[in-house]
Amino acid sequence: METLRTEDFYYDLPERLIAQTPAEKRDDSRLMAINRATDAIEDRHFHDIIDYLNPGDLLVMNDTKVLPARIFGRKADTGARVELLLLTRLDDYRWETMVKPGRKARPGTTLDFYDAAGARVLRGTIEKTVDGGLRVIRFEYDGVFEAILDVIGTMPLPPYIHETLEDQSRYQTVYAEHDGSAAAPTAGLHFTDALLGAIAAKGVGLAKVTLHVGIGTFRPVKAANIREHHMHSERYLVPKETAEAIAATKTAGGRIIAVGTTTVRTLESVARDHDGKIVAAGGSTDIFIYPGFHWQVVDALITNFHLPESTLLMLVSSFYDRKKILAAYQHAIDENYRFFSFGDAMFLY
């Protein structure tokens, strides 16, 4: 079996092509459409995606909602400033978090969080340190936790975005529904309600899954051999109606079109665990998709342009071809496409 090295997925990206803000209108982003059978590349705009969809196809989207999960507070004993990123909810009061600065965030430390009027609305106590230096924190609060986050929290934008996001809703898909993500499923950011309506009117089915995106999506691959990389785990849910829609579409000869790598990870995880079939299921997945992976569900993929040497670029390379993907990325660079979360899109079919 060929040894796949992390460096095999490197490409050189000019910093000027890292999108710092979203397109003025979601579906005015650019779209690179690649026919995997012919290797033909077309440069379009995202609203043209409808031209590539056929009646009887099924578009599957991840309806997770990004929490305003970055919160700032102070240590109760010293008043020192602290920053938290909420990653995984363990129960009604306990979260797995990333704490900055982390060196002095010891078990037993109490943290207080205040609203703009100076009233304390949240108190947390660090219970323990877990893998990767993360902390489990138990919170005390009155009311609804999500409502408190809406008051004191900000969107946890990726580290490569340095501009302030004026409209927080632009880091949510228009169909976001279930709270739980620390990052957006960015391929879906290009859709508008009007475009989805037009797609449905063409006879294309729409279905949803939920996968809550963790901060691990930004973690680099540090192993030289990619097979030695351990993926982060993320929670998912496939509803009964989505499983039935996928089965019906496959039976009728339609295509399953995944919106984003998170949708791919959900569908292919369930298929892997259920003999190639999609069933109503929920759980956690740490599936790692790279060249050589046996795809069982997804027939076409809408995705953004991903970081060099990232697991997401490895996934896309598995769906098409590593060298051809890197050539397509070079085409995108030459044509001044915008990259990463707020950047442009690719359609592989």
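Note that this is a predicted model, so its numbers are computed, not measured.

**Regarding the pattern of salt bridges**
So, step 1. One pass over the structure, following the stated rule, counts 17 salt bridges.
So, step 2. One salt bridge in this structure joins E7 and R5, with 2.9 Å as the shortest N-O distance.
So, step 3. The closest approach of N and O atoms between D299 and K250, which form a salt bridge, is 3.1 Å. With D299 in the loop between β15 (281-285) and β16 (300-304) and K250 in helix α3 (residues 240-252), the pair connects residues that are 49 residues apart, well separated along the chain.
So, step 4. K250 sits in the partly exposed class, given a relative accessible area of 33%.
So, step 5. Via salt bridges that share partners, R5, E7 and D8 belong to a single interconnected network.

**Observations regarding the domain arrangement of the protein**
So, step 1. In terms of domain boundaries, the protein breaks down into domain 1 (6-66 + 167-348) and domain 2 (70-154).
So, step 2. On the side of domain 2, nine residues touch domain 1, which itself brings seven residues to the contact.
So, step 3. Considering only the side of domain 1, the residues that lose the most area to domain 2 are I215, R219 and R235, jointly responsible for 57% of the buried surface there.
So, step 4. Viewed at the interface, domain 2 and domain 1 are joined by zero salt bridges.
So, step 5. At the surface where domain 1 touches domain 2, the tally comes to zero residue pairs in polar contact (both at pLDDT 80 or more).
So, step 6. Looking at the side of domain 1 that touches domain 2 residue by residue, the class counts come to two nonpolar, two polar and three charged.

**Considering the pairing of strand β3 (residues 58-62)**
So, step 1. When you tally the buried positions in β3, you get five out of five residues, the bulk of the element.
So, step 2. Here β3 shows no split at all, with L58, V60 and N62 on one side and L59 and M61 on the other all buried.
So, step 3. Here five bridges tie β3 to strand β12 (residues 205-211), and the two strands are oriented parallel to one another. Pairing of M61 across the sheet is with K208, part of β12.
So, step 4. Bridge analysis of β3 against strand β14 (residues 256-259) gives three bridges, and the strand direction is parallel.

How each quantity is defined
Residues numbered from 1 in each chain as written. Predicted model: local features only at pLDDT ≥ 70, side-chain atom pairs only at ≥ 80, totals over all residues. Heavy atoms only, no water. Salt bridge = Lys/Arg side-chain N within 4 Å of Asp/Glu carboxyl O. Helix = DSSP H or I, 4+ residues; strand = E, 2+ residues; numbered from the N terminus. Buried < 20%, exposed > 50% of the residue type's maximum accessible area, 1.4 Å probe, protein only. Domains from an automatic or database assignment. Contact = heavy atoms within 4.5 Å. Buried area = accessible area lost by both parts, 1.4 Å probe. Polar contact = N/O pair within 3.5 Å; in protein donor to acceptor, adjacent residues only side chain to side chain. Nonpolar A, V, L, I, M, F, W, Y, C, P; charged D, E, K, R; others polar. Pairing = 2+ DSSP bridges.

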